[in-house]
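Structural overview for review
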Amino acid sequence: MNYQELYQSWVKDERLAPEDRAELESVASDEKEKEYRFGAELEFGTAGMRGIIGCGTNMMNVYTVMRASEGLSRYIVSLGEEAKARGVVISYDTRRKSRLFARKAAGVLAKNGVRVYLFDDVHPVPMLSYAVRYLNTVAGIMITASHNPKEYNGYKVYGEDGAQMSPEATEIVVGHIEKITDYLSVTGDETSPLIKPVPQEADDTYYDELSKLTLSKKAVEKCGVGLRLVYTPVHGSGYVPVMKILTRLGINVTVVEEQTSKDSEFSTVAVPNPEFKETLSMGISLAEKINADVVFGTDPDSDRLGVAVRDGKGEFLALSGNQVGILLLDYILTRLKEENALPANAAVVKSFVSTGMAKAICDDFGVALFETPVGFKFIGEKIKEWEKNGAHTYVFGFEESCGYLRGTHARDKDAVVASMLCAEMVCYYTYIGKTVYQRLQEIYGKYGYVLDCNVSVKYSGLNAMKEMNAVVDGLKKLSVWELGSFKVNAVRDYSSSVRRTADGRKETLNISKCNCVYYELEGGSFVCVRPSGTEPKLKVYYSVKAKDEAAANALLEETQQAVQALLEKAKN
């Protein structure tokens, strides 16, 4: 059926809820809207599915959620009775319809004979990841669209290791989902005795695991009570766990009360993304009022942490995800070394689009650094690999998008443990007589200034993802050995796992494939272009190394102009 026929079949179907029929009838004269809703199916990949909330095959609604849950159920049933008995744990955040989608997913699984553990209130991604392993479930589901605008929601699936489901397992689940062509045929049993609450011990032991990861108890005891820290959960699921762990640590916290409500409209911010200083604006305003030292903010599913600190002039500076990443990396390695607790085979993992400065820091400490594609599941895979073969001991992992993880209690980004570590990091530097900003400047002075930023080119419409990927494919066909003032030392095509050098050599990349082009520039700088896997955005990452900030900004501007011209050429 074409989109018009599919639209009509849904409107006429007696199984469609009255409110959904009314919604579809309201767009009856809008061909573009109907095509968007029914001209495609919401894609289910290794990051699950994410989309705008609304009625249609290309939207997030109870029908797409139940269809995905039916596909997951069939996969679990195929694994046998033990897998069904181990079951699935489900969590959700504060977004529109998150609890409804969680209940619908639970009902479908239960009807298929799969045990379900359902959180009775919002819980963040890291606690879901932890609960999967604590309860020994075969899978986990998180209902969230992370940091996306309020119109979105999503459905993320986790494997038994607590990381997002592997590409291999996802492919099998997708195969089951695609066989379900009648979306409205899927039913569930939300009253099934197979649906049980997540036991309180899962929460309690999570906090116990985080408490074991503290690195500066003496500094916290000395400075924690006097620390002036402002925290905002931005209406998300981080409020309870972040406040609990900071209070347990002995940190003085002032919360932005107006942003503690579970407001699915996120009415106090434009976008609930702590990567943006604007999202932290109410926290910064409160911090100015009470003369606080630092501001924290977490996103709706509390896997990302945004941080603002006072700079050399006493004004608040919103740190980038890369800056927080290198500060935490430097702090963790410093404290482990000071305590003679740095493992001989210690390893750090980052996504390949994250700052190039990580290598200089790791080299200085004699710690191995590994790069992965974008997506914290790949960092989780490294943790799992090393637990099996003992080749390395994982000490820290991060992504430039404000995602950090110390410890192996979870296999995804954890803004709760990151909040704890950043708070004690502030205490540690206060204890030894400096500020976090001063330490950041010392890092730049020691390793060289690195300016990291990323630019998103927005796309829209039904073919947005296809158009973005086409641009990246176009880049692969171009011979590029200069970008602005930079010489290109090598080009990595991650879709074919090939690295080509300027002198004509060709090497194989030992890394998971993804549609991405990465330009290695002289001096340790880089540019990387990739389509987002969760939003209609083409993302361009820049990491520019220079003698100082002014020189880096000049180089960045010049490089951005060169890349913009390159992207235009790749479209043709």
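Residues numbered from 1 in each chain as written. Predicted model: local features only at pLDDT ≥ 70, side-chain atom pairs only at ≥ 80, totals over all residues. Heavy atoms only, no water.

What about the packing of aromatic side chains?
- For the structure on display, the rule yields 18 aromatic pairs.
- An angle of 85° between the planes, with centres 6.3 Å apart, marks the rings of Tyr494 and Tyr518 as edge-to-face. Taken as a pair, Tyr494 in the loop between β18 (486-493) and β19 (498-501) and Tyr518 in strand β21 (residues 517-521) lie far apart in primary sequence, 24 residues in all. Both residues of the pair, Tyr494 and Tyr518, count as buried.
- Put simply, the rings of Tyr7, Trp10, Phe38, Tyr63 and Tyr183 pair up and form one aromatic cluster.
- The lysine or arginine in question, Lys34, covers the ring of Tyr7, its NZ or CZ lying 4.8 Å from the ring centre.
- Sitting over the ring of Tyr518, Arg492 keeps its end group 3.9 Å from the ring centre. (Phe/Tyr/Trp six-rings, centres within 6.5 Å; stacked < 30°, edge-to-face > 60°. Helix = DSSP H or I, 4+ residues; strand = E, 2+ residues; numbered from the N terminus. Buried < 20%, exposed > 50% of the residue type's maximum accessible area, 1.4 Å probe, protein only. Lys NZ or Arg CZ within 6 Å of the ring centre and 35° of its normal.)

Details of the pairing of strand β12 (residues 346-351)
- In terms of residue burial, β12 counts as a mostly covered element, since 6 of its 6 residues are buried.
- Taking every second residue as pointing to the same face, both faces of β12 are buried, with Ala346, Val348 and Lys350 on one and Ala347, Val349 and Ser351 on the other.
- As judged from the 5 bridges shared by β12 and strand β14 (residues 393-399), these two strands associate in the parallel manner. Bridge assignment links Val349 to a residue of β14, and that residue is Gly397.
- Bridge count for β12 against strand β13 (residues 368-372) is 5 bridges, and the pairing is parallel. Paired with Lys350 across the two strands is Glu371, which belongs to β13.
- Between β12 and its parallel partner β13, the chain crosses via helix α14 (residues 357-365), and the hand of that crossover is right-handed. (Pairing = 2+ DSSP bridges. Right-handed = clockwise from strand over helix to strand, strands pointing away.)

Overview of the nonpolar core
- Leu229, Ile251 and Tyr519 are the most contacted members of the largest nonpolar core, which totals 98 residues.
- When residues in this core are grouped by element, the largest group, 13 residues, is from helix α16 (residues 415-431).
- Ignoring sequence-local partners within four residues, the contact set of Ile251 consists of Val220, Gly224, Leu227, Leu229, Leu246, Ala423 and Cys427.
- Formed by 49 residues, the second largest nonpolar core is a distinct cluster that contains Leu16, Ile53, Ala68 and Leu109. (Core = buried A, V, L, I, M, F, W, Y, C linked by side-chain atoms within 4.5 Å. Contact = heavy atoms within 4.5 Å.)

Remarks on helix α8 (residues 167-178)
- Over its 12 residues, α8 runs 16 Å from end to end, which matches the ideal 16 Å to within 8%, given 1.5 Å per residue.
- Residues of α8 that are buried include every one of Ala169, Thr170, Val173, Val174, His176 and Ile177, and no others. Each buried residue of α8 lies within a common arc of 160° when the element is viewed along its axis, so the set occupies one face. Projecting away from the buried face of α8 at angles above 90 degrees are the exposed residues Glu168, Glu171 and Glu178. (Expected span 1.5 Å × (residues − 1). Arc of directions from axis to C-beta.)

With respect to the pattern of salt bridges
- Summed over the entire model, instances satisfying the criterion amount to 41 salt bridges.
- The closest approach of N and O atoms between Asp13 and Arg15, which form a salt bridge, is 2.7 Å. (Salt bridge = Lys/Arg side-chain N within 4 Å of Asp/Glu carboxyl O.)

Points about the side chain of Lys539
- In this structure, Lys539 sits in strand β23 (residues 537-546).
- Buried Lys539, no salt bridge; nearest opposite-charge side chain is Glu400, N-O distance 5.0 Å.
- With residues up to four places along the chain from it excluded, the contact list for Lys539 reads Asn454, Val455, Ser456, Cys528, Val529, Arg530 and Ser532. (Lys, Arg positive; Asp, Glu negative; His and termini not counted.)

Examining the sheet that holds strand β4 (residues 139-143)
- With mixed pairing, 6 strands are arranged side by side in an open sheet as β1-β5-β4-β2-β3-β6. Strands at the two margins of the open sheet, each flanked by one partner only, are β1 (49-52) and β6 (195-197). Along the sheet, successive strands turn relative to each other by an average axial angle of 20°, direction set aside.
- As judged from the 4 bridges shared by β1 and strand β5 (residues 152-159), these two strands associate in the antiparallel manner. Its bridge partner being in β5, Arg50 is matched across the sheet by Gly154.
- The strands that helix α4 (residues 62-78) touches are β1, β2 (88-92), β4 and β5; relative to β5, the one it contacts most, it runs at about 5°. (Axes fitted to C-alpha atoms, helices over the stretch in contact; angles between N-to-C directions.)

Let's talk about the pairing of β18
- Across the 8 residues of β18, 6 count as buried, placing the element largely inside the fold.
- Looking at chain direction, strand β17 (residues 482-483) and β18 are connected through 2 bridges and run antiparallel. Counted as the bridge partner of Glu482 is Lys487 from β18.
- Count of turn residues in the β17/β18 antiparallel hairpin: 2 residues, of which Gly484 carries a positive phi of about 65°.
- Relative to β21, β18 is paired through 5 bridges, and the arrangement is antiparallel. Looking at the pairing, Val488 lines up with Leu521 of β21.
- Bridge count between β18 and β19: 4 bridges; the pairing is antiparallel. For Arg492, the partnering residue across the bridge sits in β19 and is Arg499.
- From the end of β18 to the start of β19, which pair antiparallel, there are 4 residues, and Ser497 there has a positive phi angle of about 55°.

Looking at the packing of helix α13 (residues 321-338) against α14
- The contact between α13 and α14 brings their axes to 10 Å, and the two run at 5°. It follows from the interaxial angle that α13 and α14 lie roughly parallel. Counted together, Ile326, Leu329, Asp330, Leu333, Thr334 and Lys337 of α13 and Met357, Ala358, Ile361, Cys362 and Phe365 of α14 form the full contact between these two elements. (Parallel < 35°, antiparallel > 145°, perpendicular 65-115°, else oblique.)

All we've got here are geometric facts, nothing functional implied.
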